[in-house]
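# Commentary on secondary and tertiary structure
The lines below spell out each chain.
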Protein chains: 2
Amino acid sequence: MTRAELFSQIKKKSSFLCVGLDADIAKIPAHLKTEKDPIYSFCKAVIEETADYAVAYKPNIAFFEALGPQGWETLQKVLEIIPQEIFTIADAKRGDIGNTSKLYAKAFFEKMDFDSVTVAPYMGADSVTPFLEFADKWVILLALTSNIGSMDFQLIKDENGKPLYQTVLEKSQDWGTPENLMYVVGATRGELIAEVRQAVPDHFFLVPGVGAQGGSLDEVAKYGMNSSCGLLVNSSRGIIYASGERDFAKAARNEAEKLQKEMKVLLDRHL
Amino acid sequence: MTRAELFSQIKKKSSFLCVGLDADIAKIPAHLKTEKDPIYSFCKAVIEETADYAVAYKPNIAFFEALGPQGWETLQKVLEIIPQEIFTIADAKRGDIGNTSKLYAKAFFEKMDFDSVTVAPYMGADSVTPFLEFADKWVILLALTSNIGSMDFQLIKDENGKPLYQTVLEKSQDWGTPENLMYVVGATRGELIAEVRQAVPDHFFLVPGVGAQGGSLDEVAKYGMNSSCGLLVNSSRGIIYASGERDFAKAARNEAEKLQKEMKVLLDRHL
């Protein structure tokens, strides 16, 4: 998917919502567990009810990988029922030396047909660029994550006072463009989102941490939005586990709709 | 597997060789391609012929993941034929927020029965520690890798002049012990291996980059060996693709034996 197509969908739906599919067999409603493929049934119902409000879906690969080979079959089936115009993110945090990263890229871009994959930067250029060689496919590079551990390394300042995440932003400008490279930018600290936006004005951000992790949608939009929106804000648990009962899909729809309504206000305000 | 069991095997075999199973469907001998599961047949033959000389096997997960669900079936079958006393490494470079890392750990330690998994440090403590909660299982944390891109971030010096990889070593001392935490330390620069060994005297290192990538086994032993050996030196392509013909397994055996003989000399010299 191209950046223009993504922006066009954002405008059409008045939404920059990404629904995170962290489909946990231990958390899905009990009545689904007798189905042949409970995780598929769960994801299918969530997708059907939220597709009007979401511009992206983000399956969390660990949740499928933990189910063994069957989990990868399920992931493939889930990917296939996501409507074509919706952006898909393999949240996989991959990254290895060149020829190995190329195979991870093939796994997500060719064997499956994801639009993007999340990639970890620690191993540097040759671990990231193999993912950038596929037409209309995207890397979403970890820059500043929303977890506590983000403070261990990402905020370390170098000899010139520049934090590591800023160096990741800077160096990766040579690897990709706003047409094929996004960044993971956590929502938990507004002033840091502003700093990232200043460093990379045109790139999209995938923003986790709104809701459950305490980030504010208003702040994210205030500090992070650009003229092409430039944001995909993810919500996982707040939507997919809004209810643990038979009405889970309807409850997911309601939560997605609520977020989309807030997003519409913010798009009208900032665009 | 415990550290004592690993060291005992190293002494018994006079070897600290890890054979990397980067089993590429495009590179295996042509005659295998008519087999029902060519990658399995390839790995099985390599394992049978090298098991006398190897103390560890390291399947490169990308190569299996790129084959889709069938690849995970193959990986499981390959893991099951590795002799019980040999250490197994899922070279997966995983790492994500806490509950997600826990699921990756379950995938490799419970769903499959690997002894260890390689983990990327960028997301910090809570992305690594979930892997350390499994008895007799190991994290092999990326510290200083052997690829060109390792220079992009791993060598960046902080305000006190300390390079990032040293901070990774330092902080991770609080997360694990020499009994459940190893480090990836590339073989390409002897003086850096010495610096890592000084920072973490007791931990095992998984050392890629000997052979094809230019590292010297002598230097690795000189600068990296400790009183429990403390080294697993990996060779992938140099062994498994020593021949591309019908004699590939025999050729792999010869290469593994050659490395083991060199390792015996080094163990006798340094231990």
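Up top is the structure these notes are about.
Predicted model, so just to flag it, every value in this text is computed and none were measured.

The next subject is the overall build of chain A. Scanning chain A for helices and strands turns up 12 helices and eight strands. Rg of the C-alpha trace for chain A: 18 Å, near the compact-globule value of 18 Å for 271 residues, within the 12% margin. Taking as baseline every contact in chain A between residues at least 6 positions apart, the subset at least 24 positions apart corresponds to 70%.

Turning our attention to helix α9 (residues 190-199) of chain A. All names here are of chain A. L192, I193 and V196 are the residues of α9 that are buried. Looking straight down α9, one finds that the buried residues subtend no more than 105° of arc, so they occupy a single side. Of the residues in α9, the exposed ones pointing more than 90 degrees away from the buried face are E191 and Q198. Those residues of α9 that are buried lie in contact with β5 (138-144), α8 (164-172), β6 (181-185) and α10 (217-224).

Time to look at the sheet that holds strand β8 (residues 231-235) of chain A. Residues and elements named next belong to chain A. The strand order around the closed barrel built from eight strands is β1-β2-β3-β4-β5-β6-β7-β8, with neighbouring strands paired in parallel fashion. The sheet shows a mean angle of 30° between the axes of neighbouring strands, taken without regard to direction. The sheet contact formed by strand β4 (residues 116-119) and β5 spans four bridges and is parallel. Bridge pairing in β5 links V117 to V139. Strands β5 and β6 of the sheet are contacted by α8, whose axis makes an angle of about 150° with β5.

Attention shifts here to the packing of helix α9 (residues 190-199) of chain B against helix α10 (residues 217-224) of chain B. What describes two packed helices is the angle between their axes and the distance between those same axes. Residue and element names in this part refer to chain B. Remark: α9 packs on α10, axes separated minimally by 8 Å, with the N-to-C direction vectors making an angle of 25°. In terms of axis orientation, α9 runs roughly parallel to α10. As α9 runs across α10, the sense of the crossing is right-handed. Taking contact as the criterion, the partners of G190, I193, A194 and R197 in α9 are, on α10, E219, V220, Y223 and G224. Looking at the contact of α9 with α10 residue by residue, the class counts come to four nonpolar, two polar and two charged.

Parameters at a glance
- Residues numbered from 1 in each chain as written.
- Chains lettered and ligands numbered in written order.
- Predicted model: local features only at pLDDT ≥ 70, side-chain atom pairs only at ≥ 80, totals over all residues.
- Helix = DSSP H or I, 4+ residues; strand = E, 2+ residues; numbered from the N terminus.
- Rg over C-alpha atoms; globule rule 2.2 N^0.38 Å.
- Contact = placed C-beta atoms within 7 Å.
- Buried ≥ 20, exposed ≤ 12 C-beta atoms within 10 Å, placed from the backbone.
- Arc of directions from axis to C-beta.
- Pairing = 2+ DSSP bridges.
- Axes fitted to C-alpha atoms, helices over the stretch in contact; angles between N-to-C directions.
- Parallel < 35°, antiparallel > 145°, perpendicular 65-115°, else oblique.
- Left-handed = near helix turned anticlockwise from the far one by under 90°.
- Nonpolar A, V, L, I, M, F, W, Y, C, P; charged D, E, K, R; others polar.

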